[in-house]
Amino acid sequence: MPDPTMTPEALERLLASVEPGRRAAVTAFRPITGGYSRLSAVADVRWDDGGTERLVLRGDPPPGDGVFVSDRDAEWRILQALSHARSVPVARPRWYDAAGEFFGTKCIVFDHFTGRSLQDVLRQAGGDPAPGRMFVDTVARIHATPLDALGDAVERPGSWEDYVDGVLELYRAVDREVSESSPVLRYASALLARHRPPPVPFTLVHGDCQPSNVLVADSGEHIVIDWEFAHIGDPREDLGYYSQIPMPPNVYHRDPQSFLARYREQTGLSEEQVNPDTVQYFLVIGMAHLLAQMLRAVDAVARGESRGVMATYLINAVTHQYGLYLELCQRVAA
Amino acid sequence: MIGRPTTEQVLLDCCRVLEDDVLPSVADDTMQVRLVMLGKVLRNAAVRAAHEVAWMREETAAMEAYARTVAATTGADGLQTPLAALTTAPHDSLHLADVVEVYGRASDALSAALEAALAAGRQDLVHEGTALLSTRLAHENDVVGGWDSAGR
């Protein structure tokens, strides 16, 4: 596949192909910044019948560029399933350039949703607890998605024990794969396999669960975006993942007990299953795949490859994670 | 060679140029975020340039001593290979690539030693090993100076 060409002209070609009965002109087109993985843009479209609409494009960067890798086919499947299931509000997926025929890269086209990120809303909320509650309720709603509604869009793991052990084994595998051993990961993997928390039923897991991935309209209507790392797993992965998000305000760290009490109330899980200790444990599980990708990117730089500034910048994030992992290990080992 | 300005000073000066001169003149949002990231990476590199050889040499000595103690105490088979690799590493060279090579092998020995201590149920050795992890992490934190997720 050639380099991505996510341009107005490419979008017009796609629209001509999917809507052969009418013609569209792209009247505005701008890239979206802030994402760490995919290429995104917003486009305004005017149809020759007078209709207008705003669309969002989300495509893969060139192979070997950047840090995070995910499967656009899988994201398209899960978006379609969620869109039909209506269990969690998502931006309506419209078209998919699965072969890169139009954009030179796999690219999903969505309806645009007019709203602000919930993280922005939280920043401006002051002491108002409502946006924080909205986040907890949204996370619980993701986890309440009936798995049957996902059909075969997402792979289902086997037993819970095998699943957790498999994730911990990923750390050992990546440690063998990259050129420099990480004693923190090896230790965490060995220690945490000996101290599993009580299991809970598998659910849909967002995989990048943070208020930045919830868009809120002025009406209060909201959607959840960025499903590229979604999978079926332990719902506490999303809680653990969010606990390490550094951007303030972090609703979990502001009041962990209230956050978790509301989450338990919404999900019916027990305090033995969901408490600050299990959240801390599942930080390690919920971060595993992303941290593995960061380590592989850093290793690629060490081998002389360039992954853009993101790979070397994310060394900061790796250190941050190691600190959190070590803190968890010290508590578990005490 | 020209010793002053030091590599640390050169890199920090590059950061100043980047942040004070280049960044304000860049209008593109994506490029602005990349420049902020680049500034952070350069600051990280400045700290590393100033201290990394000393820190790695200090840590290497401590990791090697620990791994040998665990090997002698537990008799763990898994330690023989990493310790043998460490023995033949270029300990005497101060060239950065050699220092990193020795450090990497010592890190592998530390990983294996901690696993062996854990498997043997030796809490005293586990505690000693995690103290080394804390030292390592303190150096890493000195390099990065915090994580703030630029652009998000």
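Residues numbered from 1 in each chain as written. Chains lettered and ligands numbered in written order. Predicted model: local features only at pLDDT ≥ 70, side-chain atom pairs only at ≥ 80, totals over all residues.

S.K.: Help me understand the overall build of chain A in this model?
M.R.: Looking only at helices and strands, chain A has 13 helices and ten strands in total. At 21 Å, chain A has a C-alpha radius of gyration in line with the 20 Å of a compact globule built from 334 residues. The C-alpha extent of chain A, read off along each of the three principal axes, is 70 × 50 × 40 Å. By the burial criterion, 46% of the 334 residues in chain A qualify as buried. Across chain A, every contact between residues at least 6 apart in sequence was considered, and the portion connecting residues at least 24 apart equals 68%. (Helix = DSSP H or I, 4+ residues; strand = E, 2+ residues; numbered from the N terminus. Rg over C-alpha atoms; globule rule 2.2 N^0.38 Å. Buried ≥ 20, exposed ≤ 12 C-beta atoms within 10 Å, placed from the backbone. Contact = placed C-beta atoms within 7 Å.)

S.K.: Explanation requested: the packing of helix α5 (residues 160–177) of chain A against helix α11 (residues 288–302) of chain A in the structure shown.
M.R.: When two helices pack together, you describe them by how their axes are tilted relative to each other and by the distance separating the axes. Residue and element names in this part refer to chain A. The geometry of α5 relative to α11 is characterised by a closest axis approach of 10 Å and an angle of 5 degrees between their N-to-C directions. One way to sum up the angle between α5 and α11 is to call them roughly parallel. Within the contact between the two elements, α5 uses V167, L170, Y171 and V174 and α11 uses A288, A292, L295 and R296. Per-class residue counts for the contact of α5 with α11 are seven nonpolar, no polar and one charged. (Axes fitted to C-alpha atoms, helices over the stretch in contact; angles between N-to-C directions. Parallel < 35°, antiparallel > 145°, perpendicular 65-115°, else oblique. Nonpolar A, V, L, I, M, F, W, Y, C, P; charged D, E, K, R; others polar.)

S.K.: Is there a simple way to think about the pairing of strand β2 (residues 39–47) of chain A in this case?
M.R.: A regular strand carries its side chains on alternate faces of the sheet. Residue and element names in this part refer to chain A. Pairing geometry for strand β1 (residues 24–31) and β2, over seven bridges, is antiparallel. Paired with A25 across the bridge in β2 is R46. Taking the residues that link successive antiparallel strands as the turn, the β2-strand β3 (residues 52–59) hairpin has four residues, and the phi of G50 there is positive, at about 100 degrees. (Pairing = 2+ DSSP bridges.)

S.K.: Which parts of the structure should I look at to understand the confidence of the model for chain B?
M.R.: Low pLDDT marks stretches whose predicted atomic positions should not be read closely. Overall, the prediction assigns chain B a mean pLDDT of 95, with 99% of residues at 70 or greater. The complex model carries a pTM of 0.93, and its ipTM stands at 0.94. (pLDDT = per-residue confidence, 0-100.)

S.K.: Is there a simple way to explain the nonpolar core in this structure?
M.R.: Here is a general trend for soluble globular proteins: nonpolar side chains tend to be buried in one another's company. Formed by 125 residues in total, the largest nonpolar core has its most connected members in A188, V284 and L314 of chain A together with A67, A109 and A113 of chain B. With twelve residues, the single largest contributor to this core is helix α4 (residues 96–119) of chain B. Those residues in contact with A188 of chain A that lie beyond four places of it in its chain are Y171, V284, Y325 and C329 of chain A. (Core = buried A, V, L, I, M, F, W, Y, C linked by C-beta atoms within 7 Å.)

S.K.: Quick question: what am I supposed to make of the interface of chain B and chain A here?
M.R.: A common way to report how large an interface is uses the accessible area buried once the components associate. Contacts between chain B and chain A engage 30 residues on the former and 30 residues on the latter. Those elements giving two or more residues to the side of chain B that touches chain A turn out to be α2 (29–74), α4 and α5 (123–144) of chain B. In terms of residue count, the dominant contributor to the side of chain B that touches chain A is α2 of chain B (nine residues).

S.K.: Explain the sheet that holds strand β8 (residues 214–216) of chain A to me, please; I cannot follow it from the model alone.
M.R.: Residue and element names in this part refer to chain A. What the three strands build is an open sheet, ordered β6-β8-β9; its pairing is antiparallel. Where the open sheet ends on each side, the last strands, each with one partner, are β6 (116–117) and β9 (222–224). Taken together, the two bridges between β6 and β8 define a ladder with antiparallel strand orientation. Its bridge partner being in β8, R116 is matched across the sheet by V216. In the packing of helix α4 (residues 130–143) onto the sheet, the strands contacted are β8 and β9, and the crossing angle to β9 comes to about 50 degrees.

S.K.: Quick question: what am I supposed to make of the sheet that holds β1 of chain A here?
M.R.: Adjacent strands of a sheet pair through backbone hydrogen bonds, lying either parallel or antiparallel. All names here are of chain A. Pairing in this open sheet of five strands is antiparallel, and the strands run β1-β2-β3-β5-β4 from one edge to the other. Here the strands that pair on one side only, and so sit at the sheet edges, are β1 and β4 (93–97). Taking each pair of neighbouring strands and ignoring which way they run, the sheet shows an average axis angle of 25 degrees. Inspection of the sheet shows β2 paired to β3 by eight bridges, in the antiparallel sense.

S.K.: Help me understand the pairing of β3 of chain A in this model?
M.R.: Sheet topology places β3 of chain A next to strand β5 (residues 107–111) of chain A; five bridges connect them, and they run antiparallel. Counterpart to R58 of chain A in the pairing with β5 of chain A is I108 of chain A.

S.K.: Can you help me understand the environment of A91 of chain A in this one?
M.R.: Structurally, the position occupied by A91 of chain A is in the loop between α2 (72–85) and β4. Not counting residues up to four positions away in its chain, the partners in contact with A91 of chain A are V56, F110, D111, F113, I223 and I225 of chain A.

S.K.: Help me out: how do you make sense of helix α6 (residues 183–193) of chain A in this one?
M.R.: A turn of α-helix holds 3.6 residues, and therefore any two residues three or four places apart point the same way. Burial runs high along α6 of chain A: ten of the eleven residues are buried. Turning to α6 of chain A, its buried residues are P183, V184, L185, R186, Y187, A188, S189, A190, L191 and L192 of chain A. Residues of α6 of chain A that are buried sit in contact with α5, α10 (276–286) and α13 (315–333) of chain A together with α4 and α5 of chain B.

S.K.: For this particular structure, what's the right way to read the domain arrangement of chain A?
M.R.: All names here are of chain A. For chain A, the assigned domains are domain 1 (8–111) and domain 2 (116–333). Listed as interface residues are 20 residues of domain 1 and, on the opposing side, 27 residues of domain 2. Taken together, the residues of the side of domain 1 that touches domain 2 break down into twelve nonpolar, four polar and four charged. (Domains from an automatic or database assignment.)

S.K.: For this particular structure, what's the right way to read the environment of G233 of chain A?
M.R.: All names here are of chain A. Its location among the elements puts G233 in strand β10 (residues 231–233). Look at G233 and you get buried, because 23 C-beta atoms sit within 10 Å. In this structure the C-alpha to C-alpha distance between G233 and V205, which are 28 residues apart in sequence, comes to 6.0 Å. The contacts of G233, once residues within four sequence positions are left out, are P157, Y163, F202 and V205.

S.K.: What's the story with α11 of chain A in this structure? I'm lost.
M.R.: All names here are of chain A. With 15 residues, α11 extends 21 Å from end C-alpha to end C-alpha; this agrees with the ideal 21 Å at 1.5 Å per step. Where α11 is concerned, the buried positions are A288, L290, L291, Q293, M294, L295 and A297. The secondary structure elements touched by the buried residues of α11 are α5, α10, α12 (309–313) and α13. In the stretch just after α11, G304 is the one whose phi turns positive, near 95 degrees. (Expected span 1.5 Å × (residues − 1).)

S.K.: Explain the environment of T87 of chain B to me, please; I cannot follow it from the model alone.
M.R.: Structurally, T87 of chain B is set in helix α3 (residues 80–87). Distance in space between the C-alpha atoms of T87 of chain B and R57 of chain B is 15 Å, their sequence separation being 30 residues.

S.K.: Is there a simple way to think about the packing of α5 of chain A against α6 of chain A in this case?
M.R.: All names here are of chain A. At their nearest, the axes of α5 and α6 sit 9 Å apart, and the two run at 155 degrees to each other. Classed by the angle they form, the pair α5 and α6 counts as roughly antiparallel. Handedness of the crossing formed by α5 with α6: left-handed. Mapping the contact onto sequence places D165, L168, Y171, R172 and D175 in α5 and L185, R186, A188, S189, L192 and A193 in α6. Across the contact of α5 with α6, the residue classes tally to six nonpolar, one polar and four charged. (Left-handed = near helix turned anticlockwise from the far one by under 90°.)

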